[in-house]
Amino acid sequence: SAHLTTKVIGRHICFYDSIGSTQKKALRLADEGAEHGTVVLTNEQTSGRGRLGHTWQSQRGTNIALSLILRPELPIDQTPQLTLLTAVAAAETIEKQAGLSCGIKWPNDLLFEGKKLVGILTELMAEATYVKAVVIGIGFNVNTTAFPDPIKSEAASFASLTGKQFALAPIVQQFFASFETLYQLYLSEGFKKIRPLWEKRALNLGKQIKVRQPGGRVLIGTALGINDDGVLRLKKTDGTIANVYSADVEWD
Ligand code: BTN
């Protein structure tokens, strides 16, 4: 059995055998006042949500789907920092549990040889310019070897890459531990300590990329890096610089 080593993250776990979306549930619990560090975890997710209106498939018992409720004291503008921190925590988890060294495609797709292993969805509840709660949803493709969804032909799992099956609990535990350590560092030292950890794994910095923003607007340019808020800076073909908050990134 798995024992938690974390103090705050996962101290309260709402576990479901089957649920539509841990994210939807966590947003509701956050609204009802759930504590910082509360996690919604499920064996099976029947209508998982992805970024920018995509769906997220997660077959029964083979993958990890969880949502984490955070209550940071943070202006809204800085919430992208938490998404990047989460991506670093997930990358560390995969490295420690499966021995795979993932790159991060801004903002938060974890890729191994171009294939997606983890998806992260950050949603926030705000009051004026301050954050009331952030809900971070994360899906790890662990033991799946068939990817029925066409979007997922670009996907891989721990199993498809290593030929092994993995117990899910140690991965969840490792993710909580990595996340908690990074979050404490973030609280005590600020994003400046997290940023280099993210940049070390970043796949698209300095590259020509195409970003599709919510609403369909497409921008083309060179990814310069992220600013102190965790926002992508894109040098457009006309030489001007755009800040990109949320988008799908494509590049060759
Ligand atoms: C993406 O890459 O588009 C993000 C996918 C996020 C999936 C996770 S699985 C747990 C949580 N619950 C959901 O409904 N979605 C997120």
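Residues numbered from 1 in each chain as written. Predicted model: local features only at pLDDT ≥ 70, side-chain atom pairs only at ≥ 80, totals over all residues.

If you check an unreviewed UniProt entry, the protein appears there as Bifunctional ligase/repressor BirA from Sporolactobacillus inulinus CASD. The Function (unreviewed entry) comment attached to the protein in UniProt states, word for word, "Acts both as a biotin--[acetyl-CoA-carboxylase] ligase and a repressor." Check the Catalytic activity (unreviewed entry) section of the UniProt entry for the protein; it says "biotin + L-lysyl-[protein] + ATP = N(6)-biotinyl-L-lysyl-[protein] + AMP + diphosphate + H(+)". (UniProt positions renumbered as here; feature names shortened; annotations may be inferred.)

Asker: Which residues make up the domain arrangement of the protein, and what are the values?
Answerer: Here the protein is described as being made up of domain 1 (13–200) and domain 2 (205–250). Using C-alpha coordinates to define each centre, domain 1 is positioned 22 Å away from domain 2. If you look at the interface, domain 1 gives twelve residues, while domain 2 gives twelve residues. Residue assignment for the side of domain 1 that touches domain 2 shows that the elements contributing at least two residues are helix 2 (80–98) and helix 5 (195–201). Per-element tally for the side of domain 1 that touches domain 2: the top contributor is helix 2, with four residues. (Domains from an automatic or database assignment. Contact = placed C-beta atoms within 7 Å. Helix = DSSP H or I, 4+ residues; strand = E, 2+ residues; numbered from the N terminus.)

Asker: If you had to explain the nonpolar core to someone new, which residues and values would you point to?
Answerer: If you look at the biggest cluster of nonpolar residues, it comprises 51 residues, and the most contacted ones within it are I69, A87, A90 and L110. Residues in contact with A90, not counting those within four places in the same chain, are L110, V118, I120, I138 and F175. Among the nonpolar cores identified, the runner-up in size contains nine residues, and V211, A223, L232 and L234 belong to it. (Core = buried A, V, L, I, M, F, W, Y, C linked by C-beta atoms within 7 Å. Buried ≥ 20, exposed ≤ 12 C-beta atoms within 10 Å, placed from the backbone.)

Asker: Describe in detail the site of the ligand, supporting the description with residues and values.
Answerer: By nearness alone, 18 residues border the ligand, and S21, G50, G119, G137 and G139 come closest of all. Contributing elements (two or more residues each) for the shell around the ligand: helix 1 (22–31), strand 3 (45–49), strand 5 (64–70), strand 8 (115–127) and strand 9 (130–140). For the shell around the ligand, the per-class residue count stands at six nonpolar, ten polar and two charged. (Near = placed C-beta within 6 Å. Nonpolar A, V, L, I, M, F, W, Y, C, P; charged D, E, K, R; others polar.)

Asker: Lay out the UniProt feature "binding site: biotin" (unreviewed entry) in the protein in plain terms, naming residues and giving numbers.
Answerer: The residues that UniProt annotates with the feature "binding site: biotin" (unreviewed entry) are Q45, R49, G50, R51 and K116. Here Q45 is to be found in strand 3. Topologically, R49 is positioned in strand 3. Classification of R49 as buried rests on a count of 20 C-beta atoms within 10 Å. Sequence-distant contacts of R49, defined by excluding residues within four places in its chain, comprise S21, Q23, T55, W56 and L121.

Asker: Break down the confidence of the model for the protein for me, citing the residues and quoting the values.
Answerer: Put simply, the protein has an average pLDDT of 90, and 94% of its residues get 70 or more. Under the prediction, the complex receives an ipTM of 0.99, its pTM being 0.91. (pLDDT = per-residue confidence, 0-100.)

Asker: Would you mind going over unusual backbone geometry in detail, with residue names and values included?
Answerer: Backbone geometry places E113, a non-glycine residue, at a positive phi of 45°. Relative to the assigned elements, E113 resides in the loop between strand 7 (109–112) and strand 8. A positive phi angle, near 55°, is found at A128, a position not held by glycine. Checked against the element boundaries, A128 lands in the loop between strand 8 and strand 9. A residue is classified by how many C-beta atoms lie within 10 Å of it, and A128, with 7 of them, is exposed.

Asker: Describe the sheet that holds strand 9, and please don't skip the residues or the numbers.
Answerer: Taken together, seven strands build an open sheet; the order of strands is 1-2-5-9-8-7-6 and the sheet is mixed. With partners counted over all chains shown, the strands left at the sheet margins are strand 1 (13–16) and strand 6 (103–105), one partner each. Taken pair by pair, the neighbouring strands of this sheet meet at an average axis angle of 20°, ignoring direction. One ladder, built from three bridges, connects strand 7 with strand 8; its direction is antiparallel. Paired with F112 across the strands is K115, a residue of strand 8. Running over the sheet, helix 2 touches strand 5, strand 6, strand 7, strand 8 and strand 9 and is turned about 150° from strand 8. (Pairing = 2+ DSSP bridges. Axes fitted to C-alpha atoms, helices over the stretch in contact; angles between N-to-C directions.)

Asker: Which residues make up the pairing of strand 4 (residues 55–58), and what values do they have?
Answerer: When strand 3 meets strand 4, the two strands line up antiparallel, connected through three bridges. In the sheet register, R49 faces strand 4, and the bridge partner there is T55. Taken together, strand 3 and the strand that follows it, strand 4, pair antiparallel across an intervening segment of five residues, in which L52 is found at a positive phi of about 50°.

Asker: Describe the environment of I9, and please don't skip the residues or the numbers.
Answerer: Along the chain, the position of I9 falls in the segment before strand 1. The sequence separation of I9 and Y130 amounts to 121 residues, and the corresponding C-alpha distance is 22 Å. Ignoring anything within four residues of it in the chain, the contact list for I9 reads G37, L68, F176, F179 and E180.

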